[in-house]
Amino acid sequence: MVLALLAATVAAVGYGVSTVMQAVATRRAQGLRALRQPLVVGALVIDGAAWLLSLVALDRLPLFVVQALLASSVVVVVLLARTVLGAPTRGRDVGAIVAVVGALVVLAAGSGEQPAVTPPSGFTTGMLVASGVLVAATVAAYARGGALLLATLGGLGYSGAAIAARGAHASGGLLDTVLQPLAIAIVACGAVGVLAYLRALERGSAGSMAAVLSVTEVVVPGAVGVAVLGDTVRAGWAVPVVAALVLAIAACVVLATSPASVAAEAPESPPAPGRRPGGSQPTGAR
């Protein structure tokens, strides 16, 4: 369990670092051109390493714990922006950081180690269909979709990848995971998460986008894990765990609206024609 918690914590740090890199990069290029930016390439490499670490955690811990840990990457964003970019933080941001840490301790204590179990019949088919729907919706929304819709699709994409990975782990080791049909859902959902959220970063406000992603990534996989994949809470810990989840989500939303979390919005070059000066190019979780 300690190794799984450590893996998820390091993954959250990686996601926080890559978030700042991606936010700066979206000030320099938009759309698919952003994928050619060195900062985005480097951020995606870090994301990939963090995702592999999250797989280690998903093999031993329930989805609601892993996803809450990963959502805490917004803490890293705030601290990094403060120490590296000199961005201001509010008093409530400090309180929110303490709240996130405390909530994560309760979640870890209330869940314990829970190896992945074999998913129910129809799970693989359902995940493949869901990933296809997400891909189609993202393709349809990419050109003209609003920031809120794109951030939601990104959050659902990352959620789908986590759910599929938790289900896939029950089949055996890493090679078994890669060679089964659920790997298709993991890749497809992950691609939706990356592309939809990068697009949302171009179009929406930092706080809103990060809040949408954080809430979606905790609530959706957590609910599916408990309802479908056999994730449970230790006897007598149901109320503290639910309270900790609510507290963690609320604290992440507070941190998402922190001035430090939007520090990377400052434009590095004159705004393009048709864009208002100082227009949002946000930072968000992941």
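Being a predicted model, the structure only gives us computed values, none of them experimental.

1. Some details on the overall build of the protein chain
Part 1 of the reasoning: Within the protein chain, the secondary structure is distributed over eleven helices and zero strands.
Part 2 of the reasoning: The N-to-C order of helical and strand elements in the protein chain reads α-α-α-α-α-α-α-α-α-α-α.
Part 3 of the reasoning: Within the protein chain, the fraction of its 286 residues that count as buried is 52%.
Part 4 of the reasoning: The contacts of the protein chain with a sequence gap of at least 6 include a subset with a gap of at least 24, amounting to 86%.

2. Structural notes on the layout of surface pockets
A probe matching the size of a water molecule, rolled over the atoms, marks out where space remains unfilled.
Part 1 of the reasoning: Of the pockets and cavities examined, the largest pocket occupies roughly 430 Å³.
Part 2 of the reasoning: Around the largest pocket, the lining is made up of 21 residues, and of these Asp47, Trp51, Tyr158, Gly190 and Val194 lie nearest the centre.
Part 3 of the reasoning: Those elements that provide at least two residues to the lining of the largest pocket are α2 (38–60), α3 (63–71), α7 (147–168) and α9 (182–203).
Part 4 of the reasoning: Looking at the lining of the largest pocket, its residues break down into 14 nonpolar, four polar and three charged.

3. With respect to the side chain of threonine 216
Part 1 of the reasoning: The residue threonine 216 is located in helix α10 (residues 206–227) in this model.
Part 2 of the reasoning: The exposure class assigned to threonine 216 is buried, which follows from its relative accessible area of 11%.

4. So, a nonpolar patch on the surface
Part 1 of the reasoning: Together, Leu3, Leu6, Val10 and Val56 give the surface a local cluster of nonpolar side chains, amounting to about 360 Å² of exposed area.
Part 2 of the reasoning: Considering every element that reaches the nonpolar patch, the biggest residue donor is helix α1 (residues 2–25), with three residues.
Part 3 of the reasoning: Relative to the elements of secondary structure, valine 56 occurs in helix α2.
Part 4 of the reasoning: Of the residues examined, valine 56 reaches a relative accessible area of 37% and is grouped as partly exposed.

5. With respect to the confidence of the model for the protein chain
Caution is warranted with low-pLDDT regions, since their predicted coordinates should not be read in detail.
Part 1 of the reasoning: For the protein chain, the mean per-residue pLDDT works out to 81, and 82% of the residues sit at or above 70.
Part 2 of the reasoning: Per-element confidence in the protein chain is highest for helix α6 (residues 123–142), whose mean pLDDT is 96, and lowest for helix α8 (residues 174–178), whose mean pLDDT is 62.
Part 3 of the reasoning: Confidence drops under pLDDT 50 across residues 264–285; counting only partners more than four residues distant or on other chains, this segment forms 60 contacts.

6. Side note on α3
Part 1 of the reasoning: The element α3 is largely enclosed, with a buried count of nine among its nine residues.
Part 2 of the reasoning: Within the sequence span of α3, burial applies to Leu63, Phe64, Val65, Val66, Gln67, Ala68, Leu69, Leu70 and Ala71.

7. Overview of the nonpolar core
Part 1 of the reasoning: Counting residues in hydrophobic clusters, the biggest one holds 50 residues, and the most contacted among them are Leu58, Val100, Leu107, Met127, Leu245 and Leu255.
Part 2 of the reasoning: Discounting chain neighbours no more than four positions away, the residues touching leucine 58 are Leu63, Val66, Ala116, Ala162, Ala165, Arg166 and His169.

8. Notes on the pattern of salt bridges
Part 1 of the reasoning: Under the criterion given, the structure shown has four salt bridges.
Part 2 of the reasoning: The shortest N-O distance in the salt bridge between aspartate 93 and arginine 90 comes to 2.9 Å.
Part 3 of the reasoning: Residue classification places aspartate 93 among the buried positions, given a relative accessible area of 1%.
Part 4 of the reasoning: Note that arginine 166 and aspartate 231 form a salt bridge whose closest N and O atoms lie 3.0 Å from each other. Here aspartate 231 lies in the loop between α10 and α11 (238–256) and arginine 166 lies in helix α7, a separation of 65 residues in the sequence. This pair shows no difference in class: arginine 166 is buried, exactly as aspartate 231 is.

9. Section: the side chain of arginine 90
Part 1 of the reasoning: Within the fold, arginine 90 resides in the loop between α4 (73–84) and α5 (91–111).
Part 2 of the reasoning: Here valine 254 takes part through its backbone oxygen, which lies 2.9 Å from a polar atom of the side chain of arginine 90.
Part 3 of the reasoning: If we skip the residues at most four places from it in the chain, arginine 90 touches Val254, Thr257, Ser258 and Pro259.

10. Here's the deal with the packing of α2 against α3
Part 1 of the reasoning: One can describe the packing of α2 onto α3 by two numbers: an axis separation of 8 Å at closest approach and a directional angle of 150°. Classed by the angle they form, the pair α2 and α3 counts as roughly antiparallel. For the pair α2 and α3, the sense of crossing is right-handed. Residues Ser54, Ala57 and Leu58 of α2 pack against Leu63, Val66 and Leu70 of α3.

What counts, and where the lines are drawn
- Residues numbered from 1 in each chain as written.
- Predicted model: local features only at pLDDT ≥ 70, side-chain atom pairs only at ≥ 80, totals over all residues.
- Heavy atoms only, no water.
- Helix = DSSP H or I, 4+ residues; strand = E, 2+ residues; numbered from the N terminus.
- Buried < 20%, exposed > 50% of the residue type's maximum accessible area, 1.4 Å probe, protein only.
- Contact = heavy atoms within 4.5 Å.
- 1 Å grid on protein atoms, 1.4 Å probe; cavity = no way out; pocket = protein on both sides within 12 Å on 5 of 7 lines; lining within 4 Å.
- Points joined across faces, edges and corners; volume = space filled by probe spheres on them.
- Nonpolar A, V, L, I, M, F, W, Y, C, P; charged D, E, K, R; others polar.
- Patch = residues over 30% accessible without salt bridge, like charges linked within 9 Å, V, L, I, M, F, W, Y side chains within 5 Å.
- Areas by Shrake-Rupley, 256 points an atom, 1.4 Å probe, with all protein chains shown as cover.
- Salt bridge = Lys/Arg side-chain N within 4 Å of Asp/Glu carboxyl O.
- pLDDT = per-residue confidence, 0-100.
- Core = buried A, V, L, I, M, F, W, Y, C linked by side-chain atoms within 4.5 Å.
- Polar contact = N/O pair within 3.5 Å; in protein donor to acceptor, adjacent residues only side chain to side chain.
- Axes fitted to C-alpha atoms, helices over the stretch in contact; angles between N-to-C directions.
- Parallel < 35°, antiparallel > 145°, perpendicular 65-115°, else oblique.
- Left-handed = near helix turned anticlockwise from the far one by under 90°.

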